[in-house]
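Now for the letters of each chain:
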Amino acid sequence: MKLKIALLPGDGIGPEIMRQGLAVLNAIAEKYGHEFTYEEALVGACAIEAVGDPYPEATHMACMNADAVLFAAVGDLKYDNNPTLKIRPETGLLAMRKKLGLFANVRPVATFDCLLHKSPLKEELIRGADFVVIRELTGGMYFGEKYQDDNKAFDTNVYTRPEIERILKVAFEMAITRRKHLTVVDKANVLASSRLWRQIAKEMEKQYPNVTTDYMFIDNAAMRVLTEPRFFDVIVTENTFGDILTDETSCITGSMGLQPSSSLGEYTPLFEPVHGSWPQAAGQNIANPLAQILSAAMLLEHFGLNKEGQLIRDAVNASLDANIRTPEIQVEGGAHYGTKEVGQWITDFIKKA
Ligand code: IPM
Ligand code: MN
């Protein structure tokens, strides 16, 4: 298969983990006879430095002209420490999501048996947990009308019927391919926007008789994902609730460094780790490249390259079993491997498989 992939390494640890994601893609291309071509582009703080815009038009064109985008992370301490700045790396991320129409953010939550002890939760509680959070990504408070002066400020949580229908469709269809259980998470006891979500979900439920659909308030869901994570199969929720819930669910997996995601929508699909740019660790060869590598697996699977995606997953599992791990997930007394060494081990595994 021929694939044109836009590479957006971004800031902080982004370039380091991207190099490993790229090495893995190249190993896969060679092994299976695919032709992957790449175009690298700037996003985030590095783009502000270079051209004064965190999501420059040239980057948007590179994304629009590609079949898929592999993205790492954006963010820099310089901006984190000064919240009054108007141009920020994060505004680039939001512009990218909006302009690429990436309304469906798919964040899988799975456990690795050998890393259960890394979770702050009890092992017997999380063993076997395996669900997907589908977060709406281009609507709600993030993009609604905003106002701020010294005495008053608001953000508007707007959702329209077409926006709700299209994200629910993604969720119902995802549920069909899995254990056929969808949980719609909202705050319909208080918020009008949530009541519309619930009304539309109830209408659509009838078209998916094989899917068991239930409804849960966000506050309750925030508790249930931690106390009973195996209850869930597919969760769908609005932008803000999904943002909060997926940081929370990352503690089930045990490390932010293990979670890939995809964002799908109107134009080019995008694949990225759930974690951020960890600027404090930049250049130190300590960041875990697995979320980036697993994002590359999700990219390939999106195009039906399931064997290829599976081989990457097998290689990742093998590296964990062999204790070839970055410091934050290494067993006590085990040797520490760097970003490069972990990536190299996985790439070699793929080549030899
Ligand atoms: C995420 C991040 C972003 C968000 C930030 C960096 C704007 O937290 O992808 O979850 O809030 O969506
Ligand atoms: Mn977040």
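Predicted model, so just to flag it, every value in this text is computed and none were measured.

Enquirer: So what exactly am I meant to see when it comes to the overall build of the chain here?
Expert: What the chain contains, in helices and strands, is 13 helices and twelve strands. The globule rule puts the C-alpha radius of gyration for 353 residues at 20 Å, and the 20 Å found for the chain is close to it. Residue burial in the chain is summarised as follows: out of 353 residues, 52% are buried. Sequence-distant contacts in the chain: of pairs separated by 6 or more residues, those separated by 24 or more amount to 75%. Just so you have it, the chain exposes about 15200 Å², and 53% of that area is on carbon and sulfur atoms.

Enquirer: It is not clear to me how the side chain of Thr183 should be interpreted in this structure. Could you clarify?
Expert: Residue placement: Thr183 occurs in strand S8 (residues 181–186). For Thr183, the side chain forms a polar contact with the side chain of His181, separated by 3.5 Å. At a separation of 2.8 Å, a polar atom in the side chain of Thr183 contacts the side chain of Asp214. When sequence neighbours within four positions are dropped, the list of residues in contact with Thr183 reads Asp214, Met216, Phe231, Phe232, Val234, Ile235 and Val236.

Enquirer: Help me understand the pattern of salt bridges, please; the structure alone is not making it clear to me.
Expert: Two side chains bearing opposite charge may form a pair once their charged atoms approach each other closely. Under the definition given, this model contains 18 salt bridges. Here Asp219 ties to Lys187 by a salt bridge, and the two come within 3.1 Å at their closest N and O atoms. Here Asp219 is found in helix H9 (residues 218–227), whereas its partner Lys187 is found in the loop between S8 and helix H8 (192–205), with 32 residues between them in sequence. Residue classification places Asp219 among the partly exposed positions, given a relative accessible area of 46%. A single network of salt bridges, built from pairs that share partners, joins Asp130, Arg178, Arg179 and Asp233.

Enquirer: When you look at the domain arrangement of the chain in this model, what are you seeing that I'm missing?
Expert: Many descriptions give the size of an interface as the accessible area lost when the pieces come together. Domains assigned within the chain are domain 1 (1–102 + 269–353) and domain 2 (104–265). Listed by partner, the interface residues are 27 residues for domain 1 and 24 residues for domain 2. In this assembly, domain 1 packs against domain 2 so that about 2300 Å² is buried in total across both faces, 65% of it on carbon and sulfur atoms. In this structure, the connection of domain 1 to domain 2 is made through zero salt bridges.

Enquirer: I keep staring at the site of ligand 1 and nothing clicks. Help me out?
Expert: In the vicinity of ligand 1, the contacting residues are Glu90, Leu93, Arg97, Arg107, Arg135, Tyr142 and Asp243. Between Arg107 and ligand 1, the recorded distance is 2.9 Å, taken from a side-chain N or O atom to an oxygen atom. In the complex, the protein chains occlude 73% of the 320 Å² of accessible area that ligand 1 would expose alone. For the shell around ligand 1, the element with the most residues is helix H5 (residues 89–99), which contributes three residues. Here the residues of the shell around ligand 1 sort into two nonpolar, no polar and five charged. Each of two domains, domain 1 (1–102 + 269–353) and domain 2 (104–265), supplies a minimum of three residues to the shell around ligand 1.

Enquirer: It is not clear to me how the packing of aromatic side chains should be interpreted in this structure. Could you clarify?
Expert: The relation between two aromatic rings is expressed through the spacing of the ring centres and the mutual angle of the planes. Considering all chains together, one arrives at six aromatic pairs under this definition. Between Phe131 and Phe232, the aromatic rings sit 5.7 Å apart at their centres with planes inclined by 50°, giving tilted as the arrangement. Within this pair, whereas Phe131 is found in strand S5 (residues 130–136), its partner Phe232 is found in the loop between H9 and strand S10 (234–237), the two being separated by 101 residues in sequence. Pair check on accessibility: Phe131 and Phe232 agree, each one buried. Between the aromatic rings of Phe231 and Phe232, the centroid separation amounts to 5.1 Å while the plane-to-plane angle is 90°, which identifies the pairing as edge-to-face. A relative accessible area of 26% places Phe231 in the partly exposed class. These aromatic residues form a ring-pair network of at least three members: Phe131, Phe231 and Phe232. Sitting over the ring of Phe231, Arg224 keeps its end group 4.7 Å from the ring centre.

Calculation rules
- For every chain, the first residue of the written sequence is number 1, and numbering continues from 1 onward in sequence order.
- Both sets of labels track the order of writing: A upward for chains, 1 upward for ligands.
- Under the rules for a predicted model, residues below a pLDDT of 70 receive no local features and side-chain atom pairs below 80 are neither given nor counted, while totals for whole chains, interfaces and linings still include all residues.
- In computing side-chain values, all of the structure's heavy atoms are included and hydrogens and water are not.
- Comment: elements are numbered from the N terminus, with helices defined as DSSP H or I runs of at least four residues and strands as E runs of at least two.
- The globule rule used for comparison is 2.2 Å times the number of residues to the exponent 0.38, while the radius of gyration itself is calculated over C-alpha atoms.
- The classification of residues rests on relative accessible area computed with a 1.4 Å probe and restricted to protein chains. Under 20% of the type maximum is buried, over 50% is exposed, and intermediate values are partly exposed.
- It only takes one pair of heavy atoms within 4.5 Å for two residues to be counted as in contact.
- Each accessible area value is a Shrake-Rupley result obtained with a 1.4 Å probe; residue values ignore everything except the protein chains displayed when judging cover.
- What qualifies as a polar contact is a pair of N or O atoms within 3.5 Å, subject to a donor-acceptor requirement within protein and to the restriction that residues adjacent in sequence count only when both atoms come from side chains.
- By definition, a salt bridge exists where a carboxyl oxygen of Asp or Glu is found within 4 Å of a side-chain nitrogen of Lys or Arg.
- Domain start and end points were adopted from an automatic or database domain assignment.
- For any pair of parts, buried area is found by adding up, for both, the accessible area (1.4 Å probe) each one loses once the two are put together.
- Consider each residue's heavy atoms; a residue with any of them within 4 Å of a molecule or strand counts as near.
- We call Asp, Glu, Lys and Arg charged. Ala, Val, Leu, Ile, Met, Phe, Trp, Tyr, Cys and Pro are nonpolar, and the rest, Gly among them, are polar.
- Only rings of Phe, Tyr and Trp enter the pairing, Trp through its six-membered ring, and a pair is recorded when the two centres are within 6.5 Å. The plane angle decides the type: under 30 degrees is stacked, over 60 is edge-to-face, the rest tilted.
- A ring is considered to have a charge above it if a Lys NZ or an Arg CZ atom is located within 6 Å of its centre and within 35 degrees of its normal.

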